[in-house]
Amino acid sequence: MMIVLSGAIGAGKSSLATILSEHLGTEAFYEQVDNNPVLPLFYKDPKKYAFLLQIYFLNKRFESIKKAMVQDNNVLDRSIYEDSLFFHMNADMGRATPQEVKVYDELLANMMQELPYAAAKKAPDLLVHLDISYDTMLHRIEKRGRSYEQPEQDPSLPEYYQQLLARYDGWYDDYDYSPKMKIDGDKYDFVENPEDRQKVLDLIDEQLRARGTLK
Ligand SMILES: Nc1ncnc2c1ncn2[C@@H]1O[C@H](COP(=O)(O)OP(=O)(O)O)[C@@H](O)[C@H]1O
Ligand SMILES: Nc1nc2c(ncn2[C@H]2C[C@H](O)[C@@H](COP(=O)(O)O)O2)c(=O)[nH]1
């Protein structure tokens, strides 16, 4: 069983990946963040580092998907399908050149052809999208405390976060690589509240059972 999680920054993907993998007895595969040397550089100088960061993420994501595919059961914290959303938004903000966009889009398309998803042999069994409001996003980013993501470090970040959330709405509506479901990340505190956690796990189990993925 392969489950992929999606959602904006601070939506709760890593937290839910841990909870869900423990619940299902599967392995969680996390995005490369704390040991990512390019991420702090990107936040300091997005125009200079947007393309490099994107290549870094794409390479790490591909590596992680290859490792995940070796296991039969896994949960992936963020899907490869969201990478392009981030990069195109940054490009639209003038942080990447049309040539960089072309190279990236072609590289992504090439790499996607190598994934078993492409042959529809092993599309994810379910995409679980964590939907959050802007206020929740800011609160969670603050709670987690990565310094380079804090709006006090850079007054342009609130606008960046708002744009990102707005793009996610359309992205989720258009996503059609696998079955999908949305969880209200404002409503359920699956990190601190055991009842909410159980409700979220029940919602996911229900979707997996309905599709015969979970007996
Ligand atoms: N549903 C939730 N309710 C309360 N706190 C949450 C929830 N989801 C995540 N958090 C908290 O928000 C912060 C960001 O969560 P994280 O799982 O790292 O998000 P993501 O991986 O999507 O960026 C963490 O401090 C986490 O404990
Ligand atoms: N420019 C991009 N930034 C990205 C991408 N994927 C993740 N990120 C950033 C956003 C956060 O600051 C951090 C980790 O994201 P979480 O949602 O896991 O907190 O990395 C990307 O493709 N491009």
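The paragraphs below set out a description of the structure included in this document. (Residues numbered from 1 in each chain as written. Chains lettered and ligands numbered in written order. Predicted model: local features only at pLDDT ≥ 70, side-chain atom pairs only at ≥ 80, totals over all residues. Heavy atoms only, no water.)

All right, on to the pattern of salt bridges then. According to the stated counting rule, one finds 11 salt bridges in the structure shown. A salt bridge links Glu192 to Lys143, with the shortest nitrogen-to-oxygen separation between them at 3.3 Å. Note that Glu192 is positioned in the loop between β5 (180–184) and α8 (194–210) and Lys143 in helix α6 (residues 134–144), a separation of 49 residues in sequence. The exposure classification of Glu192 matches that of Lys143, with both residues exposed. (Salt bridge = Lys/Arg side-chain N within 4 Å of Asp/Glu carboxyl O. Helix = DSSP H or I, 4+ residues; strand = E, 2+ residues; numbered from the N terminus. Buried < 20%, exposed > 50% of the residue type's maximum accessible area, 1.4 Å probe, protein only.)

Next up on the list: the site of ligand 1. In the neighbourhood of ligand 1, 15 residues make up the surrounding shell, with Lys13, Ser14, Ser15, Arg144 and Tyr188 lying closest. Between ligand 1 and Ala11 there is a distance of 3.2 Å, counted from an oxygen atom to a backbone nitrogen or oxygen. Gly12 has a polar backbone atom sitting 2.9 Å from an oxygen atom of ligand 1. When the free accessible area of ligand 1 is taken as 560 Å², the share hidden by the protein chains comes to 88%. Breaking the shell around ligand 1 down by element, the ones donating at least two residues are α1 (13–24) and α6. Among the residues forming the shell around ligand 1, the class breakdown is five nonpolar, five polar and five charged. (Near = heavy atom within 4 Å. Polar contact = N/O pair within 3.5 Å; in protein donor to acceptor, adjacent residues only side chain to side chain. Areas by Shrake-Rupley, 256 points an atom, 1.4 Å probe, with all protein chains shown as cover. Nonpolar A, V, L, I, M, F, W, Y, C, P; charged D, E, K, R; others polar.)

Two modes of strand pairing occur in sheets, parallel and antiparallel, and in both the strands are linked by backbone hydrogen bonds. Reading across from one edge, β2-β3-β1-β4-β5 is the order of the five strands in this open sheet, with parallel pairing throughout. In the strand order of this sheet, the two ends are held by β2 (27–29) and β5, each with one partner. Each strand of the sheet is rotated relative to its neighbour by a mean of 20°, with strand direction disregarded. Sheet contacts for helix α7 (residues 157–174): β1 (2–7), β4 (126–131) and β5; angle to β4, the most-contacted strand, approximately 155°. Along the sheet, α8 makes contact with β1, β4 and β5, crossing β5 at roughly 170°. (Pairing = 2+ DSSP bridges. Axes fitted to C-alpha atoms, helices over the stretch in contact; angles between N-to-C directions. Contact = heavy atoms within 4.5 Å.)

Taken together, 19 residues surround ligand 2, and among them Lys13, Glu31, Tyr43, Gln54 and Glu149 come closest. A distance of 2.6 Å is found between an oxygen atom of ligand 2 and a side-chain nitrogen or oxygen belonging to Glu31. Notes on ligand 2: free accessible area 490 Å², of which the protein chains cover 99%. Those elements giving two or more residues to the shell around ligand 2 turn out to be α2 (39–44), α3 (46–70) and α4 (83–92). When its residues are assigned to classes, the shell around ligand 2 shows 10 nonpolar, two polar and seven charged.

What follows deals with the nonpolar core. Judged by nonpolar contacts, the single largest core of 72 residues is most densely connected at Tyr43, Val128, Met137 and Ile204. Broken down by element, this core gets its largest block of residues, 10 residues, from α3. In this view, Val128 contacts Ile3, Val4, Leu5, Ser6, Leu16, Met181, Ile183 and Ile204; residues no more than four positions away in its chain are not counted. (Core = buried A, V, L, I, M, F, W, Y, C linked by side-chain atoms within 4.5 Å.)

As a further point, take the packing of α3 against helix α5 (residues 98–114). Their axes nearest at 11 Å, the elements α3 and α5 cross at an angle of 0°. Compared by their axis directions, α3 and α5 come out roughly parallel. Together, Phe51, Gln54, Ile55, Leu58 and Phe62 of α3 and Glu100, Val103, Tyr104, Leu107, Leu108, Met111 and Glu114 of α5 make up the contact between the two elements. Residue composition of the contact of α3 with α5, by class: nine nonpolar, one polar and two charged. (Parallel < 35°, antiparallel > 145°, perpendicular 65-115°, else oblique.)

Before going further, it helps to examine α4. In terms of burial, α4 is a largely internal element, seven of the 10 residues being buried. Taken as a whole, α4 has its buried residues at Asp83, Leu85, Phe86, Phe87, Met89, Asn90 and Ala91. The secondary structure elements touched by the buried residues of α4 are α2, α3, α5 and α7.

Within the secondary structure, Pro37 sits in the loop between β2 and α2. Distance in space between the C-alpha atoms of Pro37 and Asp125 is 32 Å, their sequence separation being 88 residues.

Turning our attention to the side chain of Thr136. When you line up the elements, Thr136 lands in helix α6. The class of Thr136 is buried, set by a relative accessible area of 14%. There is a polar contact of 2.7 Å between the side chain of Thr136 and the side chain of Asp186. Look past the residues within four positions of Thr136 in its chain and what remains in contact with it is Gly185 and Asp186.

Just geometry here; none of it tells us what the structure is for.
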